[in-house]
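One letter stands for each residue in the lines below.
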Amino acid sequence: MPTIISNKTDRNISIAIISIVSLVMGIATYLTPWFLDDLNYMWSCGDGKTLITSFDQVIQSQVTHYFTVNGRFCAHVLVQLFNGILGVGVFAIFNGIMYGALSVSLQVIAGLKPFASVRSTLTTSLLTLLFFTTRLIPSCQIGYIWAAVITLAFVYVFFDKHYHNPAIIVLLGMGSIIAGNFQEAYSIGISGALIIDWCINIKRYTAKKWVMIIAYGLGTLAICLSPATRNRAGTQDIGIFLSLFNLLILAPGLYLLIGVILWQRLKNKHRLKDMYKANIFWFNALLVFVLFNLAIGVGSNRQLMGLELCCVVIALRILPKHTFSTIWLAILSLWMLAEAWLIGSSINQGRKLAQNIDAEYAATTDGRVYVDGFTAISPGLLATATDPFVDPYRSDHYAAQVNARELQRRHPGHPRAIFTPTFLRGKDNIALSDQVIKVSDGIYLLIRSKKETKTFVAQRALRFGLIHIPYSPVEVSFDNPEFTSKYWEAKIFSDADMCNMTITSITIK
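A few points on the structure.

Reading guide: rules and limits
Residues numbered from 1 in each chain as written. Predicted model: local features only at pLDDT ≥ 70, side-chain atom pairs only at ≥ 80, totals over all residues. Heavy atoms only, no water. Salt bridge = Lys/Arg side-chain N within 4 Å of Asp/Glu carboxyl O. Helix = DSSP H or I, 4+ residues; strand = E, 2+ residues; numbered from the N terminus. Buried < 20%, exposed > 50% of the residue type's maximum accessible area, 1.4 Å probe, protein only. Phe/Tyr/Trp six-rings, centres within 6.5 Å; stacked < 30°, edge-to-face > 60°. Lys NZ or Arg CZ within 6 Å of the ring centre and 35° of its normal.

Observations concerning the pattern of salt bridges
At step 1: As enumerated under the stated definition, the model contains eleven salt bridges in all.
At step 2: Two residues, aspartate 428 and arginine 368, come together in a salt bridge whose shortest N-O distance is 2.8 Å. Residue aspartate 428 is located in the loop between strand E4 (418–420) and strand E5 (435–440), and its partner arginine 368 is located in strand E1 (residues 368–370); the two are separated by 60 residues in the primary sequence.
At step 3: Judged by its relative accessible area of 25%, arginine 368 is partly exposed.
At step 4: Between lysine 491 and glutamate 482 there is a salt bridge, with its nearest N and O atoms 3.4 Å apart.
At step 5: Shared partners join several salt bridges into a network, and the residues in it are Asp358, Glu406, Arg409 and Arg410.

Set out below in structure tokens:
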């Protein structure tokens with residue numbers, strides 16, 4: 001009888017933990033303002049002038065999107081459905097649920113019974129919140145958090161040994177195409193591991209496995225062979241040294257995995273060979289992810305999500321009882337509290353920024369919106385800090401066009417918005433001297449007098465937490481200044497321009 005009570009208590013507490021995670025993430029999602037891509041996906045990709053109001057428009061838009069933006073047809077159908085039709089409230093509900101689903105999926109893939117243990121539920125919930133880090137907006141959440149759930153579901157069903165009738169196999173094949181096409185950051189590594197598994201175990205492949213592996217491969221190929229994907233493939237030029245460095249600072253899951261492996265090897269005397277054999281599929285997928293990302297160049301933590309997923313899954317599977325000890329749960333909980341504070345502060349800043357922009361634009365007569373960007377912290381202490389108002393200062397950039405269009409939608413008849421740092425307010429007819437103005441953390445306004453054209457040189461460093469490793473300086477080009485007057489020209493320069501490096505100083509020569 002005590003065991004039954006204990007199991008029931010564990011189940012109820014576990015359900016409560018998952019519910020709290022879903023509720024908190026749903027509220028955070030609802031409060032996060034939409035910028036850039038999610039404002040853009042409210043409109044048809046066909047002409048950029050038609051607001052999405054029906055599902056058939058979503059499909060037509062995504063056909064164009066497939067040829068012009070990227071090949072993630074399935075994921076972006078959902079993105080445009082929420083951005084254009086269902087709205088932030090409905091999306092927040094579904095997104096909160098998906099965080100709970102990810103925690104449960106991690107338990108299942110690790111061999112745990114969902115809700116059976118408070119410790120295992122707390123372990124997977126903390127891993128979900130700490131190691132799957134991206135912005136709380138539909139384009140990122142659907143493409144990475146939802147995609148992680150779909151990927152885990154696919155792998156579980158693929159290796160499940162239950163018999164399925166032909167009708168179910170057909171449905172699994174259709175689902176596999178969707179899973180493969182959902183997000184290449186996951187499907188490329190998984191596809192590589194599937195090919196290795198096929199080579200080793202081809203004689204044991206059932207009809208279900210044949211259908212699912214072919215369908216998943218077709219879904220992945222549909223992304224990779226998209227004209228838009230192929231056109232973008234050569235645009236990222238990042239050297240191997242910088243790619244390796246970015247890999248090490250943008251994938252905290254690697255350190256989780258290395259720590260767990262070392263602990264099992266040194267403390268519990270587990271052999272590396274045995275750990276690999278017990279998790280061969282996930283180790284192979286991890287290897288493919290590492291090699292692929294280094295080959296194409298690592299510039300963002302989002303492209304490493306598949307690698308992070310593998311690290312978390314392997315770490316869970318080789319942990320004793322697939323859970324962390326009490327002390328480690330306490331440490332991770334404190335980390336999560338720090339993350340929650342940063343995320344909450346970022347959301348609050350973002351909401352204030354959005355309100356200020358709207359108020360500035362409502363009062364403008366010439367379209368100028370004076371605003372200083374803020375550093376938007378993506379969840380994750382090791383994730384890159386980015387700013388949604390670096391590129392909008394550049395009037396010809398995609399971000400400026402998207403945000404300006406949204407403001408005109410809200411305020412019909414107003415001139416096109418020109419986002420301008422507040423320092424420049426009222427200074428068009430003032431002969432400003434050469435100077436560097438800090439707009440916000442990591443964003444600088446460089447002002448150069450037209451009397452004599454001096455050179456601005458940015459000292460920069462690779463950043464690893466609080467550690468800065470000096471890197472070669474770079475001269476700032478003034479070929480296309482964002483702002484100009486009779487007396488001066490001004491250029492925006494930021495950390496976002498330098499692929500995860502940070503500006504330590506800017507000198508004028």
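Now that the structure is up, let's keep going.
Overview of the packing of aromatic side chains
At step 1: Across all of its chains, the model carries 17 aromatic pairs by this definition.
At step 2: Centroid distance phenylalanine 82 to phenylalanine 91: 5.4 Å. Interplanar angle 65°. Geometry classified as edge-to-face. In this structure, phenylalanine 82 and phenylalanine 91 share a single accessibility class: buried.
At step 3: Geometrically, the ring pair formed by phenylalanine 154 and phenylalanine 158 is stacked, given 5.8 Å between the ring centres and 25° between the ring planes. Here the residue phenylalanine 154 and the residue phenylalanine 158 both occupy positions in helix H6 (residues 138–159), the gap between them amounting to four residues, near one helical turn. One exposure class covers both phenylalanine 154 and phenylalanine 158, and it is buried.
At step 4: Taken together, the aromatic side chains of Phe154, Phe158, Phe159, Trp198, Tyr205, Trp210, Tyr216, Phe281 and Trp282 make up a single cluster linked through ring pairs.
At step 5: The ring of phenylalanine 423 is capped by lysine 427, whose NZ or CZ atom sits 4.5 Å from the centre of that ring.

Shape descriptors only; they carry no functional weight alone.
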